[in-house]
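This is what each chain is made of:
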Amino acid sequence: RVLAFGHPLFGLGAVDLPMTGATVQTLLPSLARSARIATPLGELGAVRQDRNAAVLGRLGARPRLIPVRFQLTGPAREEKVYSFDVADDPLLSPLLLYASLNGILASRERPMGNVTVRIKEGSVIKMAAGQDVELDNLYAGPRAVDYGTGIAAYILYLLMNNSWTQPRIAGINLILEYDDTPRSGLIRRASLDRYRARAGETLEAAVVLSSYRGGERVLTTRLKIPEETPPGRLTLHVGGAVAVSRSGEVRDEPVLPRDLDQLIRLINQLRRNDRIYIAATREDSGVVLQGSRLPNLPPSAATVLSRPRSRGNFAAIPSRALFEETILTELSVDGLARIEFEVQAP
């Protein structure tokens, strides 16, 4: 066993971190905070305790690490693959992953300015229980690098610090495509071929999308009204992932998942930025209770559930999604348009 420092490293308590030897090259004395510059050597064991009095390590022990595979691609770029491990710690793992990805990007690409970062399909956080947490998405603009590297670290933090069970991360695979040109698009307007239809009929929707230095183009899709849709007025929300998620169903308060499996399902169901979403909603008296949606409740049931004493993991939902269609693009879509149309009685 090895006792070191005489002070904490991070003050994390029980840990499982790699311990290496090092050669101190020089000292930087200071009355405020002294420091030293050292060169790491080979791995010797594992740090097991990080306490106020000292750091405790064990020679020959093998710490548990999370393997990371990072593939960096891009237009007219040589593909590079990086493999490394990060410590398996709820607080350190997300920070180390974020710092590692940013360090690689800073050494290979331009980390500032308007760029595009696509996390390609196949990018996952693999759980030891067999679930895959999907990370694929597209980001464009001045914050693209921050979002592209930060989303993986943030989701890793959510998984490792969940309130229900201690997860085991089997590995992380990231396939990142980098482009110097921002592939962004803004929705200008949307229209339908008609604004009255019956359930079961099909409408044609047209969306005008302007891209960065690319002018405007019109994208079309066909919307089929489900057979079970009752007559009445509907609202179509046409926009990017963020805009539709914020406007389609307004919640009074956040709704929390009930367990780790539900958290993973919610993450995997997140809308992607490279799609135009067309979501149809209608006024509703439903609620979300304990993570489950209860739509179209009778007024008496909605009144009972909305009483202050019954509130827990509860949120009132003033609108209900009836159907949703997507248009796949190669752009990070922003903007929102709303269309009102009426479903007529048969």
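Quick caveat, the model's predicted, so the values are computed rather than measured. (Residues numbered from 1 in each chain as written. Predicted model: local features only at pLDDT ≥ 70, side-chain atom pairs only at ≥ 80, totals over all residues. Heavy atoms only, no water.)

Asker: If you had to explain the overall build of the protein to someone new, which residues and values would you point to?
Answerer: Of the regular secondary structure elements, the protein holds five helices and 21 strands. Per-residue burial for the protein yields a buried fraction of 42% across its 346 residues. Counted over contacts in the protein with a minimum sequence separation of 6, partners at least 24 positions apart contribute 70%. When the accessible area of the protein is evaluated, it comes to approximately 19000 Å², of which 52% is carbon and sulfur surface. (Helix = DSSP H or I, 4+ residues; strand = E, 2+ residues; numbered from the N terminus. Buried < 20%, exposed > 50% of the residue type's maximum accessible area, 1.4 Å probe, protein only. Contact = heavy atoms within 4.5 Å. Areas by Shrake-Rupley, 256 points an atom, 1.4 Å probe, with all protein chains shown as cover.)

Asker: Outline unusual backbone geometry, listing residues and values.
Answerer: For phenylalanine 5, which is not a glycine, the phi torsion comes out positive at approximately 80 degrees. Here phenylalanine 5 shows up in the loop between strand E1 (2–4) and strand E2 (13–28). Positioned with a positive phi, arginine 213 is a non-glycine residue whose angle comes to about 55 degrees. Along the polypeptide, arginine 213 turns up in the loop between strand E14 (202–211) and strand E15 (215–224).

Asker: How would you summarise the pattern of salt bridges if you had to cite specific residues and measurements?
Answerer: Considering all chains together, one arrives at 21 salt bridges under this definition. The shortest N-O distance in the salt bridge between arginine 77 and glutamate 109 comes to 2.8 Å. Of this pair, arginine 77 sits in the loop between strand E5 (65–73) and strand E6 (80–87) while glutamate 109 sits in the loop between helix H1 (92–108) and strand E7 (115–119), placing them 32 residues apart in sequence. Classification of arginine 77 by relative accessible area gives partly exposed; the value is 23%. (Salt bridge = Lys/Arg side-chain N within 4 Å of Asp/Glu carboxyl O.)

Asker: Summarise the layout of surface pockets; cite the residues concerned and give the values.
Answerer: There is about 760 Å³ of room inside the second largest pocket. The wall of the second largest pocket is formed by 26 residues, among which Ala4, Phe5, Leu9, Thr20 and Ala22 lie closest to the centre. The set of elements that each furnish at least two residues to the lining of the second largest pocket consists of E1, E2, strand E3 (35–50), strand E4 (55–59), E6 and H1. Top element by residues in the lining of the second largest pocket is E2. It accounts for seven residues. Residues of the lining of the second largest pocket, tallied by class, amount to 20 nonpolar, five polar and one charged. (1 Å grid on protein atoms, 1.4 Å probe; cavity = no way out; pocket = protein on both sides within 12 Å on 5 of 7 lines; lining within 4 Å. Points joined across faces, edges and corners; volume = space filled by probe spheres on them. Nonpolar A, V, L, I, M, F, W, Y, C, P; charged D, E, K, R; others polar.)

Asker: Just give me the short version of the sheet that holds E1, but keep the residues and values in it.
Answerer: What the four strands build is an open sheet, ordered E1-E4-E3-E2; its pairing is antiparallel. Strands with a single pairing partner mark the edges of an open sheet, and in this sheet they are E1 and E2. Averaged over all neighbouring strand pairs, the angle between strand axes comes to 45 degrees, with direction disregarded. By the bridge criterion, three bridges tie E1 to E4 in an arrangement that is antiparallel. (Pairing = 2+ DSSP bridges. Axes fitted to C-alpha atoms, helices over the stretch in contact; angles between N-to-C directions.)

Asker: Pulling in residues and values, what's your account of the pairing of E2?
Answerer: Here E2 pairs with E3 via 12 bridges, running antiparallel. Paired with leucine 17 across the bridge in E3 is valine 47.

Asker: Give me the lowdown on the packing of aromatic side chains, citing residues and values where you can.
Answerer: One pass over the full model with this rule turns up two aromatic pairs. Geometry around tyrosine 147 places arginine 143 over its ring, the cationic atom sitting 5.4 Å from the centre. In this structure, arginine 271 is placed above the aromatic ring of tyrosine 277, and the distance from its NZ or CZ to the ring centre is 5.5 Å. (Phe/Tyr/Trp six-rings, centres within 6.5 Å; stacked < 30°, edge-to-face > 60°. Lys NZ or Arg CZ within 6 Å of the ring centre and 35° of its normal.)

Asker: How would you summarise the side chain of arginine 272 if you had to cite specific residues and measurements?
Answerer: Checked against the element boundaries, arginine 272 lands in the loop between helix H4 (260–268) and strand E17 (275–289). Among the polar contacts made by the side chain of arginine 272, one reaches the main-chain carbonyl oxygen of aspartate 136 at a distance of 3.0 Å. In terms of polar contacts, arginine 272 uses its side chain to reach the backbone carbonyl oxygen of leucine 270, at 2.6 Å. Once you skip the residues sitting within four places of it in the chain, arginine 272 turns out to touch Glu134, Asp136, Asn137, Ala241, Ile267 and Tyr277. (Polar contact = N/O pair within 3.5 Å; in protein donor to acceptor, adjacent residues only side chain to side chain.)

Asker: Describe the pairing of E4, with residues and values.
Answerer: Pairing between E3 and E4: five bridges, direction antiparallel. Its bridge partner being in E4, glutamine 49 is matched across the sheet by leucine 56. Between E3 and E4, which follow one another and run antiparallel, lie four residues.

Asker: Residue-level account of H1, with values.
Answerer: The end-to-end C-alpha distance of H1 is 24 Å, a good match for the 24 Å that 17 residues give at a rise of 1.5 Å each. Buried within H1 are the following residues: Leu92, Ser93, Pro94, Leu97, Leu101, Asn102, Ile104 and Leu105. Residues of H1 that are buried sit in contact with E2, E5, E6, helix H2 (144–160) and strand E11 (169–179). (Expected span 1.5 Å × (residues − 1).)

Bear in mind that shape data such as this cannot, by itself, settle questions of function.
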